[in-house]
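Take a look at the letters that make up each chain.
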Amino acid sequence: PNQQLEMWTDDVTFTALVASLGTAGVFGMLGLDPRSRKVLRHGVEVTVSACTPRDGGVHVVLASGRRFKLPADSTPATVGRWRNVYSPNGQGLACGWGKEVFVEEKTSSLTVAAPEVSAEPPELRVGDGAWVNDDVEWITEEEEAEPDPSVAEMKEQVEQWMDLVRSKKRERQEGQLDYILKILGPQPPATKPWSFAMWVAALINPLPALG
């Protein structure tokens, strides 16, 4: 929440989505589990703050806001990818598209099963058909509680971290950290530990990243 991403892309699907929404339009953004390649169930509401055609693509500024989660009866799709297919003797056969199937064993470890691979992505969708409308459950704002003592300790660590970023010249350009702080807004108080944790996570993982 409260992060801002400025980017350019000529991706057909995303360009069509932004064109249909326009400036001030909103959509839901979900993350991707890098291990299971599955779409996560929690996400954020994103507002298109600015949108300008440029160099055959679109330049956008995206601002994240409210958090949400998918209902329990909603099943995120498994994500596939292009990869080389190999024969039993190890020789490469072709480059194909396949869903990645993961199996959870009794050891709770994840192992990859051999994917079914085709020449074209199954049900490949671009443009207006590449995104879906789905009901979401909004995550309510955190209520005030007794001050969490761990927050006070972490506040000192955050100050030390920011001092190190500046002194070690880890900003991509001068003033980057100040800009990030401006975008994130005021630091949540110790009476809202969850909000404080989310604020810190956004601070140390900014978009774009620090140098």
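Whatever comes next refers back to the structure up there.
Residues numbered from 1 in each chain as written. Predicted model: local features only at pLDDT ≥ 70, side-chain atom pairs only at ≥ 80, totals over all residues. Heavy atoms only, no water.

### Overview of the nonpolar core
Quick reminder of the rule: Within this scheme, the nonpolar core is defined by two criteria: the residues are buried Ala, Val, Leu, Ile, Met, Phe, Trp, Tyr or Cys, and they are joined through side-chain atoms within 4.5 Å. The buried label applies to any residue whose accessible area, calculated with a 1.4 Å probe on protein chains only, is under 20% of its type's maximum; exposed applies above 50%, and partly exposed to all values in between. Secondary structure elements follow DSSP: runs of H or I of four or more residues count as helices, runs of E of two or more count as strands, with numbering from the N terminus. Should any heavy atoms of two residues lie within 4.5 Å, those residues are considered in contact.
Val 158, Leu 184, Trp 199 and Leu 203 are the most contacted members of the largest nonpolar core, which totals 14 residues. Secondary structure elements with two or more residues in this core: helix H2 (149–167), helix H3 (176–184) and helix H4 (193–204). Here this core gets five residues from one element, more than from any other, and that element is H4. For Val 158, the contacting residues outside a window of four places in its chain are Gln 187, Phe 196, Trp 199, Val 200 and Leu 203. Core analysis: the next-biggest nonpolar cluster, separate from the first, contains ten residues, Leu 17, Val 58, Val 60 and Leu 62 among them.

### Structural notes on the packing of aromatic side chains
To be explicit about the condition: Only Phe, Tyr and Trp rings take part, Trp by its six-membered ring, and two of them pair if their centres are within 6.5 Å. Stacked means planes under 30 degrees apart, edge-to-face means over 60, and tilted covers everything else. Any Lys NZ or Arg CZ found within 6 Å of a ring centre and within 35 degrees of that ring's normal is scored as a charge over the ring.
Counted under the stated rule, the structure contains two aromatic pairs. Between Phe 14 and Phe 27, the aromatic rings sit 6.4 Å apart at their centres with planes inclined by 80 degrees, giving edge-to-face as the arrangement. Here Phe 14 is found in helix H1 (residues 12–21), whereas its partner Phe 27 is found in strand S2 (residues 26–32), with 13 residues between them in sequence. No difference in accessibility class separates Phe 14 from Phe 27, as the two residues are buried. Arranged with centres 6.0 Å apart and planes meeting at 80 degrees, the rings of Phe 68 and Trp 138 form a pair that is edge-to-face. Residue Phe 68 is found in strand S4 (residues 57–69), and its partner Trp 138 is found in strand S10 (residues 137–138); the two are separated by 70 residues along the sequence. Assessed through its relative accessible area of 4%, Phe 68 is described here as buried. For Trp 138, a relative accessible area of 41% puts it in the partly exposed group. Sitting over the ring of Trp 138, Arg 66 keeps its end group 3.6 Å from the ring centre.

### Some details on the side chain of Thr 9
As a reminder of what qualifies: We call two N or O atoms a polar contact when they sit within 3.5 Å, provided that within protein one can donate a hydrogen and the other can accept it, with sequence-adjacent residues counted only if both atoms are side-chain atoms.
Its place among the elements puts Thr 9 in strand S1 (residues 4–9). Thr 9 sits in the buried class, given a relative accessible area of 12%. At a separation of 3.0 Å, a polar atom in the side chain of Thr 9 contacts the main-chain amide nitrogen of Asp 11.

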